[in-house]
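The primary structure of each chain is shown beneath.
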Amino acid sequence: MKQQPSILAIDPGVSGGFCYYSAAGKDYNLHPMPGTEVAISGIISYFLDYASMHGDVMKCVIEQVTGYVGGEGQPGARMFTFGENYGFLRGVMIAKGCDISTITPRAWQEAIDFKKPRGIKTHHWKASLREYASNIITLRGLDVDGALSTKTADAFLICRAFQRNLLKEGQQ
C-alpha cells in the first residue's frame, strides 16, 4: 500500500480557506483565506514545509470554478478578483513544486454525497455546508485544529472528497 499523502485543499475565493490534512498526525488544520498575498504565500509555505519535515508525500487540490453560479453569473469585478486569487494560488503552489489537482464543485459535492438543492440562497448553502462538515467531524471523531466556519467548511469538504477519490483510485 502506498504512503497516504498529506493534502492541502483550497477553496480559492476571497471568503474561502485552506484545509491541511497531515498524514503524519492524521489531523486536519483549517485556516480562512487571509487578506494579503504575502500571508497566503506564507500559509502555503508553512504547510508544504511541515509535510516535508515529516517526510510526507504532498498533494494540493484547488477548487476549479467558473463564472456560472446557479443560473446567475457573478458581477465582472467579482469574477476578476476570484480569477486573480485562483491564479495567484496556483502560481504559488507551482513555484513551490506542489503537485496540483483541481476538483469542480459538482465533483466534490458528489464525492461526499451532498448536492446543492436548486434555488437555495448562497448564505443558506454555505451554512448547510458548515453544518454538514461539523457533523462529519463529530461523527467520525476527527482531530481538527482551527475554526470550522463558512470560510473553511468548503476547504474541509474538498479535502475529504479528494481523500475519497484517492482511495477509489488506489492511491492511498
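Caption draft 1: Expanded view of the sheet that holds strand S3 (residues 27-32). Strand order in the open sheet formed by six strands is S7-S4-S1-S2-S3-S8, and the pairing between neighbours is mixed. The outermost strands of the open sheet, each flanked by one partner alone, are strand S7 (99-103) and strand S8 (144-145). Sheet topology note: the S3/S8 ladder contains two bridges and is parallel. Its bridge partner being in S8, Asn 29 is matched across the sheet by Asp 145.

Caption draft 2: Focus on the nonpolar core. Counting residues in hydrophobic clusters, the biggest one holds 27 residues, and the most contacted among them are Ile 7, Cys 19, Val 61, Trp 108, Phe 156, Leu 157 and Cys 159. Residue assignment for this core shows that the elements contributing at least two residues are strand S1 (6-11), strand S2 (17-22), S3, helix H3 (105-111), helix H4 (122-140) and helix H5 (153-169). With residues up to four places along the chain from it excluded, the contact list for Cys 159 reads Ile 7, Ala 9, Cys 19, Tyr 21 and Tyr 28. In terms of nonpolar packing, the next biggest core, distinct from the first, is built from 19 residues, Tyr 20, Met 58, Leu 89 and Val 92 among them.

Caption draft 3: Structural view of the pattern of salt bridges. Counted by the stated rule, this structure contains three salt bridges. Two residues, Asp 113 and Arg 164, come together in a salt bridge whose shortest N-O distance is 3.6 Å. Here Arg 164 lies in helix H5 and Asp 113 lies in the loop between H3 and H4, a separation of 51 residues in the sequence. Taking relative accessible area as the criterion, Asp 113 reaches 60% and is therefore assigned exposed. A residue is classified by how much of its surface remains accessible, and Arg 164, at 31% relative accessible area, is partly exposed. A salt bridge links Asp 154 to Lys 126; the shortest N-O distance between them is 2.7 Å. Separated by 28 residues along the polypeptide, Asp 154 in helix H5 and Lys 126 in helix H4 bring together distant segments of the chain. In this structure Asp 154 comes out as buried when scored by relative accessible area, which is 4%. Using a relative accessible area of 24% as the deciding quantity, one classes Lys 126 as partly exposed.

About the criteria used
- Throughout, a residue's number is its position along its own chain's written sequence, starting from 1.
- In keeping with the model being predicted, local features are shown solely for residues with a pLDDT of at least 70 and side-chain atom pairs are shown and tallied solely at 80 or more, while totals for entire chains, interfaces and linings include all residues.
- Remark: hydrogens and water are excluded; side-chain values derive from all non-hydrogen atoms of the structure.
- At least two bridges found by DSSP between two strands are what make those strands a pair.
- Only DSSP runs of H or I reaching four residues or more are called helices, and only runs of E reaching two or more are called strands; each is numbered from the N terminus.
- Put simply, buried Ala, Val, Leu, Ile, Met, Phe, Trp, Tyr and Cys residues joined by side-chain atoms within 4.5 Å make one nonpolar core.
- Between buried and exposed lies partly exposed: a residue is buried under 20% and exposed over 50% of the maximum accessible area for its type, with that area taken using a 1.4 Å probe on protein chains only.
- When checking whether two residues touch, look at their non-hydrogen atoms; a contact exists if any pair is within 4.5 Å.
- We count a salt bridge whenever a side-chain nitrogen from Lys or Arg sits within 4 Å of a carboxyl oxygen from Asp or Glu.

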